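Descriptive structure summary
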Amino acid sequence: MIRVIVCDDHAVVRKGIRDTLCEAVDIQVTAEAASYTEVREALRHAACDVMVLDLNLPGRGGLEVLASLRESTPNIKVLIVSMFPEDQYAIRCLRAGAQGYLCKTGDPSELITAVRTLAQGRKYVTPEVAQMLVESLSAPTQEALHTTLSERELQTLTKIASGKRLSDIAEELMLSPKTVSVYRARVLEKLRLGNNAELTVYAIRNGLV
């Protein structure tokens, strides 16, 4: 039996993932969590072979949770399931230590296949991500500037480019407006931009929004 913990901050999404996985006779959802704190609590009481982890979590983001899991429980395989596009996040997540990446808009049956693949000790990526990995091997060493951004910086970039105010972003990410403002300043510096308008243009040109 493959034991799975599902971590997503939306109850409806967690239910959808749980219901999909429960269709498989060899998979059991042993716990659910909506944040890093709940993940740590779940791991104290529930067995886990594979964790299905959302990237966009309140407070401590998915990549931060992933890094913590790699240190504390390296035996647990992590499947990232996210709304973020594969071409911007999949390779980043795999490099950070995830064993697989799926977009939430994909075929639900892929979720079962992915969990089984990870449980067997193998990595799971879609054909599109596999192609990107191949291309990244032969691509020039110079990468786009936004590849240097941290998870929170990239989230701040995409949310500003989508027209959201700093106060709204702070509320969504459960951070203080001052902290989000610091992230914005870092993004502008790393991307060599001067204001939100230039930031938005950059995001659009690079397919980030």
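Just above sits the structure.
Computed from a predicted model, the values in this text were never measured in an experiment.

Turning next to the packing of helix α8 (residues 166–173) against helix α9 (residues 177–191). Contact geometry of α8 with α9 gives a least axis separation of 8 Å together with a crossing angle of 110°. The orientation of α8 relative to α9 falls into the category roughly perpendicular. On α9, the residues touching L166, I169 and A170 of α8 are P177, V180, S181 and R184. A class-by-class count of the residues in the contact of α8 with α9 yields 5 nonpolar, 1 polar and 1 charged.

Taken as a whole, the second largest pocket spans an internal volume of roughly 220 Å³. Every residue lining the second largest pocket is counted, 13 residues in all, and those nearest its centre are I17, V81, K104, P108 and L111. Put simply, the parts of the chain that give the lining of the second largest pocket at least two residues each are α1 (11–21), β5 (100–103) and α5 (109–119). Considering every element that reaches the lining of the second largest pocket, the biggest residue donor is α1, with 4 residues. Split into classes, the residues belonging to the lining of the second largest pocket amount to 7 nonpolar, 3 polar and 3 charged.

Burial of nonpolar side chains together is a common tendency in soluble globular proteins. Judged by nonpolar contacts, the single largest core of 47 residues is most densely connected at M51, L53 and L157. If one sorts the elements of this core by residue count, helix α4 (residues 86–95) sits on top with 5 residues. In terms of nonpolar packing, the next biggest core, distinct from the first, is built from 19 residues, I17, I27, V52 and Y124 among them.

This part takes up the sheet that holds strand β2 (residues 27–33). Strand order in the open sheet formed by 5 strands is β2-β1-β3-β4-β5, with parallel pairing between adjacent strands. Pairing within the sheet leaves two strands with one partner each, and these edge strands are β2 and β5. In this sheet, neighbouring strand axes are inclined to one another by 20° on average, regardless of whether the strands run parallel or antiparallel. Both strand β1 (residues 2–7) and strand β3 (residues 50–53) contribute to a ladder of 4 bridges, which runs parallel. Its bridge partner lying in β3, C7 is registered against L53. Here α1 sits on the sheet and contacts β1, β2 and β3; the angle it forms with β2, its principal contact strand, is near 165°. Sheet contacts for α5: β1, β2, β3, β4 (77–82) and β5; angle to β4, the most-contacted strand, approximately 160°.

Procedures and definitions
Residues numbered from 1 in each chain as written. Predicted model: local features only at pLDDT ≥ 70, side-chain atom pairs only at ≥ 80, totals over all residues. Heavy atoms only, no water. Axes fitted to C-alpha atoms, helices over the stretch in contact; angles between N-to-C directions. Helix = DSSP H or I, 4+ residues; strand = E, 2+ residues; numbered from the N terminus. Parallel < 35°, antiparallel > 145°, perpendicular 65-115°, else oblique. Contact = heavy atoms within 4.5 Å. Nonpolar A, V, L, I, M, F, W, Y, C, P; charged D, E, K, R; others polar. 1 Å grid on protein atoms, 1.4 Å probe; cavity = no way out; pocket = protein on both sides within 12 Å on 5 of 7 lines; lining within 4 Å. Points joined across faces, edges and corners; volume = space filled by probe spheres on them. Core = buried A, V, L, I, M, F, W, Y, C linked by side-chain atoms within 4.5 Å. Buried < 20%, exposed > 50% of the residue type's maximum accessible area, 1.4 Å probe, protein only. Pairing = 2+ DSSP bridges.

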